[in-house]
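Analysis of the macromolecular model
So you can see what is in the structure, the chains are spelled out below.
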Amino acid sequence: MIDVRSLRTDPDAVVAALARRHDDDVDAQLAEARRLDGRLRAITGERDGARARVNELSKEVGRLRREGDVPAAEGLQEESRTLGAEEKRLAAEHEEVSSQLRELLLVIPNLPHPEAPDGTSDADNPVVRGPFLPETFAEHQRVPHWDTGAELGILDVERATKISGAMFTMQRGAGATLARALCQLALDRNADAFEEVRPPTLVLSSTLTATGQLPKFADDAYAVERDDLWCIPTAEVPLTSLYAGEIVDQADLPIRLMASTPCYRREAGSAGRDTRGMLRTHEFDKVEILAVATPEQAPDLLEELLARAEGTIADLELPYRIIEICTGDLGQSHHRSFDVEVYAPGCDQWLEVSSVSWFSDYQARRADVRFRRRDADGTPTKGSEIAHTLNGSALAVPRVWAAIVENRRQPDGSVEVPDALRPYMRGIDRIGPA
RNA sequence: GGAACGGUGGCAGAGUGGACGAUUGCACCCGCCUUGAAAGCGGGCGGCCGAAAGGCCCGGGGGUUCGAAUCCCUCCCGUUCCGCCA
C-alpha cells in the first residue's frame, strides 16, 4: 500500500509519481482515496468525541452509585444511553468508510523510483548491461530444448500432460538431476549471506494479500478453496510475511532469507503463449533471495541481489543481458526492478530468468513489517517505521534448464554440463542419449 | 476428527463488572554507589490514530450493560490426551 499520509500532505507528488505508470485508473483512484480519507478523519473525530463523553458519564455513574446517589446516577445513565446509540451509528459509518478506503488502497500501485526509466510497455525497457553473447551460434545449438530433451530422454512433456494436463512438464534421469543441481548451486552460491528457509507453500489469503497478489491478481494463483488456502506463485510470498505483524530491531537488519520452493502459476492471461517445452509452466522450482531492510540499506541491497542473480547466470556460462523495467511495465508492488534475460539459441528467444525488485515499503505496509531504529549510541528509539523489502530470483529452474540444453548442445546431440554444476551432477559432465 | 484446558505488555504471570492500559517479577534504559563490574538503591520502560484534546488495542468478531480484560455467543489459534496418518 502507498502511505495515505503522503497522499494527504503532498497529493500532487503522489499523483505525479503514479502518472509515470501510464495507468488510466490511477488518477480517479487517488482522488477517491483522498475523499474517503478526509471523511474517515472527520468521522473518527466525531466518534471519538462521543466515546469520550460516554466514558466520562460512566465514570460519573460509578462514582454516584458508590456514594449512594442512585437517582442522579439513573439520570446520567439515561443520557449515556442516548449518546451510546449515537456512538454506535458513528462507529458503523467509520467501519464502512474505513473498509472502502482499505479496499481501494489495496489496488493502488506503488510509486515508481524516480530513476526508473519512463516508458509505456515492455518494449521500452532499456538494456542496462550486455548483451553478453558469443560472436555466433553454431547450427547444433539451434535446436529447441523440447526436441533435444525428448531425444535424450530428459524431458517428458507428454507424460507430464497425461498426469496433470497442459503446461506441466517433467524432467527425467539426468534432466531431473540437472534441475535439482540448479537449485543446489543457487542455494550454495548465496549461503554466505542468506539464511536458508523451507517455508510452507500453501498460504492464507492474508499472506497473499501482503505481497500484492490479492485482491487484484486472484486469477493468476491456484486456490485450494475447500481449505481457504492458496498455492504460492513464488517463495517471495511466505518469506515476505515471515515477520508480518512484528517489529524487528534495526540491529537485525537487513534480514536475508533464501528458499528453494515449487511455484504455482495459472498463467491465466497467457493461454497459447510459449506453449512448447519449459518456457511457461504451471509448476516450477525456483530459488528466491529476499531482504527485509531499512530504507537506507535498500539501494545497495537491490544492486547486491541483482549482482547475485547475474553472477549465477554468468557462472553457468550462459549468454545474457540485464534490462531495467520501465515505469509502464513495473508490477503493482514494484518500486524499481531489473530482469536478467538469458538467450536461448534453439528457440531464438530472450528468456526472463530472474526478476530483482525493490518494493520500498509497499509490501511491508500491507504485511505490517516494522522496525525500531537505534540512535547513535545504540539505544532503541521510540516508535517504529515500516521496513523495506526486496527480492529476486536467484535462479528459476525451467528456463535456465532450457537455456543450458540449447546453448550447451554439442555437434553429436549431447549436452555438456557447465562446470559450475558438475559438483552436483553425480559425475555426469555430459548428457548423452539414454 | 473427538475431549479437556488455555490465549493479558519483549517474556513470565496477576486481575473475574466501575478509581484497570492493566499488580508484580524478569529483561531493557537512565541516575546514584563503585577504580571498573556485579549487587543494592532511586527513576523510567507497550502499540496504534490524532496538531492537540482525546480515542482505540487484554486472540478475532458479535452481544449484554450507563460501564466489559472480567458475563454470554461464535470463530481462530495453542497445549495435553484419544483417533487417524507420511
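Residues numbered from 1 in each chain as written. Chains lettered and ligands numbered in written order. Predicted model: local features only at pLDDT ≥ 70, side-chain atom pairs only at ≥ 80, totals over all residues. Heavy atoms only, no water.

Further remarks concern the overall build of chain A. Looking only at helices and strands, chain A features 12 helices and 16 strands. By principal-axis analysis of the C-alpha atoms, chain A measures approximately 105 × 45 × 45 Å. With 434 residues in all, chain A has 49% of them scored as buried. Relative to all contacts within chain A whose residues are 6 or more apart in sequence, the contacts with residues 24 or more apart total 74%. (Helix = DSSP H or I, 4+ residues; strand = E, 2+ residues; numbered from the N terminus. Buried < 20%, exposed > 50% of the residue type's maximum accessible area, 1.4 Å probe, protein only. Contact = heavy atoms within 4.5 Å.)

On to the packing of aromatic side chains, then. A complete count under the given rule lists three aromatic pairs for this structure. Geometrically, the ring pair formed by F137 and Y343 is tilted, given 5.1 Å between the ring centres and 50° between the ring planes. Taken together, the residues F137 in the loop between β1 (127-132) and α5 (145-152) and Y343 in strand β10 (residues 336-344) connect sequence positions 206 residues apart. By relative accessible area, Y343 is classed as buried at 8%. Linked through ring pairs, F137, Y343 and W350 together constitute an aromatic cluster. Positioned above the aromatic ring of F194, the side-chain terminus of R256 is 5.3 Å from the ring centre. (Phe/Tyr/Trp six-rings, centres within 6.5 Å; stacked < 30°, edge-to-face > 60°. Lys NZ or Arg CZ within 6 Å of the ring centre and 35° of its normal.)

Turning to the domain arrangement of chain A, a few remarks are in order. Per the domain assignment, the segments making up chain A are domain 1 (4-105) and domain 2 (122-431). For domain 1 versus domain 2, the distance between C-alpha centres works out to 43 Å. (Domains from an automatic or database assignment.)

Around RNA strand B, 20 residues are found, and the nearest of them are D48, R66, S80, R81 and S384. Taking all atoms of RNA strand B within 4 Å of the protein, the share assigned to sugar and phosphate is 70%. The contact in question runs from a base nitrogen of RNA strand B to an N or O atom on the backbone of S58, over 2.9 Å. Elements that contribute at least two residues to the surface near RNA strand B include exactly α1 (4-9), α3 (26-66), α4 (70-105) and β12 (370-372). Sorting elements by how many residues they give to the surface near RNA strand B places α3 first, with nine residues. The residue makeup of the surface near RNA strand B, split by class, is two nonpolar, seven polar and 11 charged. (Near = heavy atom within 4 Å. Polar contact = N/O pair within 3.5 Å; in protein donor to acceptor, adjacent residues only side chain to side chain. Nonpolar A, V, L, I, M, F, W, Y, C, P; charged D, E, K, R; others polar.)

What follows concerns helix α10 (residues 298-315). For α10, with 18 residues, the first-to-last C-alpha span of 25 Å sits near the 26 Å given by 1.5 Å per residue. Regarding α10, the residues found buried are A298, L301, L302, L305, L306, R308, A309, E310, G311, T312 and I313. Positive backbone phi, at 60°, marks E317, one or two positions downstream of α10. (Expected span 1.5 Å × (residues − 1).)

Taking strand neighbours across the sheet as the criterion, the three strands line up as β6-β12-β13 in an open arrangement whose pairing is mixed. Two strands in the sheet have a free side with no partner beyond their single neighbour: β6 (247-249) and β13 (385-386). With three bridges connecting them, β6 and β12 associate as parallel partners. If you follow I247 over to β12, its bridge partner there is R370. (Pairing = 2+ DSSP bridges.)

A word on the packing of helix α7 (residues 174-190) against helix α12 (residues 397-407). Relative to each other, α7 and α12 sit at 120°, their axes nearing to 10 Å. Here α12 runs oblique to α7, going by the angle between their axes. Seen from above, α7 lies across α12 with right-handed handedness. The segment α7 lies against α12, with G175, L178, A179, L182 and C183 engaging V397, V400, W401, I404 and V405. Within the contact of α7 with α12, the residues separate by chemical class into nine nonpolar, one polar and no charged. (Axes fitted to C-alpha atoms, helices over the stretch in contact; angles between N-to-C directions. Parallel < 35°, antiparallel > 145°, perpendicular 65-115°, else oblique. Left-handed = near helix turned anticlockwise from the far one by under 90°.)

A word on the side chain of R366. Mapped onto the elements, R366 comes out in helix α11 (residues 362-367). One buried charge, R366, has no salt-bridge partner; the nearest side chain with opposite charge is E236, at 9.6 Å. Within the local environment of R366, its side chain forms a polar contact with the backbone oxygen of L106, the two atoms lying 3.1 Å apart. If near-sequence neighbours (up to four positions away) are discounted, R366 is found in contact with M1, L106, T209, A210, G212, L214, P215 and Q332. (Lys, Arg positive; Asp, Glu negative; His and termini not counted. Salt bridge = Lys/Arg side-chain N within 4 Å of Asp/Glu carboxyl O.)

Among the nine residues of β10, nine are classified as buried, and the element is accordingly described as predominantly covered. In β10, alternate side chains face the same way, and those of R336, F338, V340, V342 and A344 on one face and S337, D339, E341 and Y343 on the other are all buried. Where strand β9 (residues 320-324) lies against β10, five bridges are found, and the strand directions are antiparallel. When the bridges of β10 are listed, E324 appears paired with F338.

Per the stated rule, a full pass over the model turns up 32 salt bridges. Linking R336 and E324 is a salt bridge whose minimum nitrogen-to-oxygen distance equals 2.8 Å. With R336 in strand β10 and E324 in strand β9, this pair connects stretches of sequence that are 12 residues apart. E324 matches R336 in its accessibility class, with the two residues each being buried.

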